[in-house]
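# Topology and contacts: notes
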Amino acid sequence: MATENLGDRLPAFQAYLDNTRLSPLTKRSYLHGICLFISYVGDCTLAELSPAMLLQWHTSLAKAKQSYSTCNQKRAALRKFLQFLEAFEESDQAAKLLHTLERLQSPGEKRPKREPHVVEGLDLERMLIRAILHPLTGHRDEAILLFMWATGVRRAEVASLMFDNVDLEERLATVVGKGDKERVVIFDQVCCKALVLWLKDREENWPKREGVDTFFITLDGYEMKPETVSAIVKVCAKEAGLKGEVWAHLFRHSALTRLLDNGVAIQDVAKLAGHANINTTAHYHHAEEGRLKEIYDGAMRPPDARAG
């Protein structure tokens, strides 16, 4: 194995990925990223791959002026590949390269954050009216909007949701989020009815493809991409005449904000959201200042005022 080139290890790496719970999209992204990496450094052996070569590749990402997220995707692909080599070949060289990679700051500039706002209930209703009117895809698009509204899942989690991971009777779904972490989300009765209608429509009218096990599919019967989820949201918002930009993550923002503003403990919301850090969840809390002031005044009144 030590004399094999990096390219010779790709079949084994693909088999390794196939035995993980990564989404199909992430697996393809990792394989594509490693192919690009090997193309850049040359199809050398692992022993020949030096930290200096890795640094040169990393510098090329910055020079190419690629986005922060694109650079992170390429770094993630290389990290996964090196972890695979370290674990299955017990390679000290892979461990050394991993250490080098972690010390390098991701290049690229973060995009400025968009002003956070939420999708109001009336906005959702208007979007649902437009979604159900879509020829052929109406039931699917309605189900996707309601599922995102009810659970606050990310667009990639919608696209990679597996058929067997949805329990309509219990109104629960298991999604795979960042870091390959599974979590259970809950949806309401309205969403459940939409999911049932979608499955009936899918069974009767949509093409069936062997090996496609995702809950939501494309018109030609294949797995969806996160970009398709984004497109559905944007089209419905535009057709509904909503003002301002509406993107998929707003549905996540809206769901988590509703939970927090209605008294659900932040620790529980963090669990539903798949947040490793509770401070991330706190960013979704936008309670009205008047209500916060009332809560504060009630909690901070002097003892004599409470007694009186």
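The structure reproduced in this document is the subject of the present report. Bear in mind that the values here come from a model prediction, so they are computed numbers and not experimental data.

In terms of helices and strands, the protein carries 15 helices and three strands. The buried share among the 308 residues of the protein stands at 41%. A sequence separation of at least 24 residues applies to 62% of the contacts in the protein between residues at least 6 apart. In the form shown here, the protein has an accessible surface area of approximately 17700 Å², with 52% of it arising from carbon and sulfur atoms.

Moving on, we get to the pairing of strand β3 (residues 182–186). Where burial is concerned, the two faces of β3 differ: the one with Arg183 and Val185 is buried and the one with Glu182, Val184 and Ile186 is not. Hairpin connection from strand β2 (residues 172–176) to β3: five residues lie between these consecutive antiparallel strands, with glycine 179 at a positive phi of about 70°.

One full turn of an α-helix is made of 3.6 residues, so residues set three or four places apart face in the same direction. Along its 13 residues, helix α3 (residues 51–63) runs 18 Å from first to last C-alpha, staying within 8% of the 18 Å computed at 1.5 Å per residue. Turning to α3, the residues buried within the fold contact α2 (24–41), α4 (68–89) and α5 (92–103). At the exit of α3 stands lysine 65, carrying a positive phi of roughly 55°.

Interhelical geometry of α4 versus α5 gives an angle of 155° and a closest axis separation of 8 Å. With respect to their mutual orientation, α4 and α5 come out roughly antiparallel. Handedness of the α4/α5 crossing: left-handed. Contacts between α4 and α5 pair Arg75, Leu78, Arg79, Leu82, Gln83, Leu85 and Glu86 from the former with Ala94, Ala95, Leu97, Leu98, Leu101 and Glu102 from the latter.

Turning our eyes to something else, we now look at unusual backbone geometry. If a residue is not glycine, its phi is most likely negative; likewise, a peptide bond is most likely trans. With phi around 75°, leucine 136 is a residue other than glycine that occupies positive phi space. Position of leucine 136 relative to the elements: it lies in the loop between α6 (121–132) and α7 (138–151). With phi around 60°, arginine 171 is a residue other than glycine that occupies positive phi space. Residue placement: arginine 171 occurs in the loop between β1 (166–167) and β2.

You can see valine 176 is positioned in strand β2. Considering only alpha carbons, one finds valine 176 and leucine 22, 154 residues apart in sequence, at a separation of 7.3 Å. Each residue touching valine 176, except ones within four places of it in the same chain, is listed here: Arg21, Glu157, Ser160, Lys181 and Glu182.

This brings us to the nonpolar core. Counting residues in hydrophobic clusters, the biggest one holds 45 residues, and the most contacted among them are Met127, Phe147, Met148, Phe216 and Phe251. Looking at this core element by element, the count peaks at seven residues for α7. Not counting the four nearest positions on each side in its chain, phenylalanine 147 is found in contact with Gly152, Val153, Val158, Leu161, Ala173, Val185, Phe187, Cys191 and Leu195. Of all hydrophobic cores here, the second largest spans 31 residues; its members include Phe13, Ala77, Phe81 and Phe84.

Overall, the coordinates contain 14 aromatic pairs when judged by the stated rule. Seen from their ring centres, tyrosine 16 and phenylalanine 88 are 5.5 Å apart, and the 70° between their planes marks the pair as edge-to-face. Taken together, the residues tyrosine 16 in helix α1 (residues 10–18) and phenylalanine 88 in helix α4 connect sequence positions 72 residues apart. Owing to a relative accessible area of 57%, phenylalanine 88 belongs among the exposed residues under this scheme. Seen from their ring centres, phenylalanine 215 and phenylalanine 216 are 5.0 Å apart, and the 80° between their planes marks the pair as edge-to-face. One exposure class covers both phenylalanine 215 and phenylalanine 216, and it is buried.

The rules we used
Residues numbered from 1 in each chain as written. Predicted model: local features only at pLDDT ≥ 70, side-chain atom pairs only at ≥ 80, totals over all residues. Heavy atoms only, no water. Helix = DSSP H or I, 4+ residues; strand = E, 2+ residues; numbered from the N terminus. Buried < 20%, exposed > 50% of the residue type's maximum accessible area, 1.4 Å probe, protein only. Contact = heavy atoms within 4.5 Å. Areas by Shrake-Rupley, 256 points an atom, 1.4 Å probe, with all protein chains shown as cover. Pairing = 2+ DSSP bridges. Expected span 1.5 Å × (residues − 1). Axes fitted to C-alpha atoms, helices over the stretch in contact; angles between N-to-C directions. Parallel < 35°, antiparallel > 145°, perpendicular 65-115°, else oblique. Left-handed = near helix turned anticlockwise from the far one by under 90°. Core = buried A, V, L, I, M, F, W, Y, C linked by side-chain atoms within 4.5 Å. Phe/Tyr/Trp six-rings, centres within 6.5 Å; stacked < 30°, edge-to-face > 60°.

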